[in-house]
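Working through the structure, step by step
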Amino acid sequence: MEMVPEGNNFVIVKECELPAMMEELEKYFPHSLKPENRMNESVGIFCPPDKLERMDLIKDENVLFEWHSPLYMNFTHVGIMFRMEEIYREKVNGKLEGHIYGDIYVHECPAELDLALEPLAANEVIMKPLCITDVKDIHDLYPAGDIESLELFEKLVRQLPGFGVFNQSDNELAAWSLQSYYGGMFSMQTKPKFRRKGYGIQLAQSLTKLVIQRGYTPFVVIRPENDASRGLYMKLGFRKAFESVRGTFVPYAGENHLQIDLPTEIQSEILKEETCTIEPADVTNGIATDNEKGKC
């Protein structure tokens, strides 16, 4: 693959420039989250949510984006996704499909992490680090296994910390949680027959402490309807920071979009009649309200 040094609005960063760039990006983590990196299928966008007009620079790019191919974006700030959908409609009459909302909760209350928990029953289970032989169990129960590959989990387990609760009698993996990119914590799952035993909060507490020790700010993505996970993480000092969306931008989606030979003025009228599929940033702003954040 040819290395293109620059495009209409981008340049490849020189190695000597990386420290300054990372210092700037760290101000906005995790406002944009790194997606699964598949060529021409996934893309990650970093943009301060209060400066979304900068995303107009994307419009003229013909190297960074393969506009006529589906583009998958992992959980990303709702304002960025809304602006991207506007751009995608303008570029190729496409739209966002299969989108899922996720609230980003960031660890903000350190004192609450020391919540006293009932210890695990030592004669029944043991908590220990995950290893590569546990990956298949993890991936099989992962709710988005069709998006995240088995190889991704293998890489995470090899390179990043994770904990599992194992049955003492047969070493069966009962529950697990692992760190992802940056301070992200994901795939906290418990097998159905082991639920309601307190394994989840034990794992979350242990992994949160380890992520902090490693120099990261822990955060999790929680589906809005998942009251149990939200309650668990809030007990440990997590608070809602902003709203995010993941989904795939598909070109020429829908009956009207297939009529690409129509005159420009008719196409414009069609686009006016259609609304974006996610909430606009100027309505929700994507940022948690004071009531949603709660106090430490």
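Here, every reference points to the structure presented above.
Residues numbered from 1 in each chain as written. Predicted model: local features only at pLDDT ≥ 70, side-chain atom pairs only at ≥ 80, totals over all residues. Heavy atoms only, no water.

What follows deals with the overall build of the protein. Helix and strand counts for the protein stand at 9 helices and 8 strands. By the burial criterion, 43% of the 296 residues in the protein qualify as buried. For the protein, restricting intrachain contacts to residue pairs at least 6 apart in sequence, the fraction spanning at least 24 positions comes to 75%. Just so you have it, the protein exposes about 16200 Å², and 51% of that area is on carbon and sulfur atoms. (Helix = DSSP H or I, 4+ residues; strand = E, 2+ residues; numbered from the N terminus. Buried < 20%, exposed > 50% of the residue type's maximum accessible area, 1.4 Å probe, protein only. Contact = heavy atoms within 4.5 Å. Areas by Shrake-Rupley, 256 points an atom, 1.4 Å probe, with all protein chains shown as cover.)

Now for unusual backbone geometry. A positive phi angle is found at N93, which is not glycine, with a value near 55°. Even without a glycine there, the phi angle at N171 is positive, about 65°. The topology assignment puts N171 in the loop between β4 (162–167) and β5 (173–179). N171 sits in the partly exposed class, given a relative accessible area of 43%.

A few words on helix α5 (residues 199–213). The end-to-end C-alpha separation of α5 is 21 Å, in line with the 21 Å expected for 15 residues at 1.5 Å each. Among the residues of α5, Y199, G200, I201, Q202, L203, A204, Q205, L207, T208 and V211 are the ones counted as buried. Two residues or fewer past α5, G215 is found with a positive phi of approximately 95°. (Expected span 1.5 Å × (residues − 1).)

A complete count under the given rule lists 15 salt bridges for this structure. Between R230 and D227 there is a salt bridge whose closest N-O contact spans 2.2 Å. Placement of both R230 and D227 in helix α6 (residues 227–235) is noted, with a separation of 3 residues, approximately one turn of the helix. Taking the relative accessible area as the measure of exposure, D227 reaches 51% and is therefore exposed. Through salt bridges with shared partners, a single ionic network connects D56, K59, R83, E86 and E90. (Salt bridge = Lys/Arg side-chain N within 4 Å of Asp/Glu carboxyl O.)

Within α6 the residues assigned to the buried category are R230, L232 and Y233. Looking straight down α6, one finds its buried side chains confined to an arc of 165°; they lie on one side. Away from the buried face of α6 by more than 90 degrees, exposed residues D227, A228 and K235 are located. Of the surrounding secondary structure, the elements contacted by the buried residues of α6 are β2 (95–107), β6 (185–190), α5, β7 (219–222) and β8 (238–250). One or two residues past the end of α6 sits G237, with phi positive at roughly 100°. (Arc of directions from axis to C-beta.)

For the rest of this paragraph, the subject is the sheet that holds β8. Taken together, the 4 strands give an open sheet; going across it, the order is β1-β8-β2-β7, and neighbouring strands pair in antiparallel fashion. What marks the edges here is a single partner per strand, and that holds for β1 (71–77) and β7. For this sheet the average axis-to-axis angle between neighbouring strands, irrespective of direction, equals 25°. The pairing of β1 with β8 spans 5 bridges and is antiparallel. Residue H77 lies in a different strand from β8, and its bridge partner there is S244. Where α6 meets the sheet, it contacts β2, β7 and β8, and its direction lies at approximately 160° from that of β7. (Pairing = 2+ DSSP bridges. Axes fitted to C-alpha atoms, helices over the stretch in contact; angles between N-to-C directions.)

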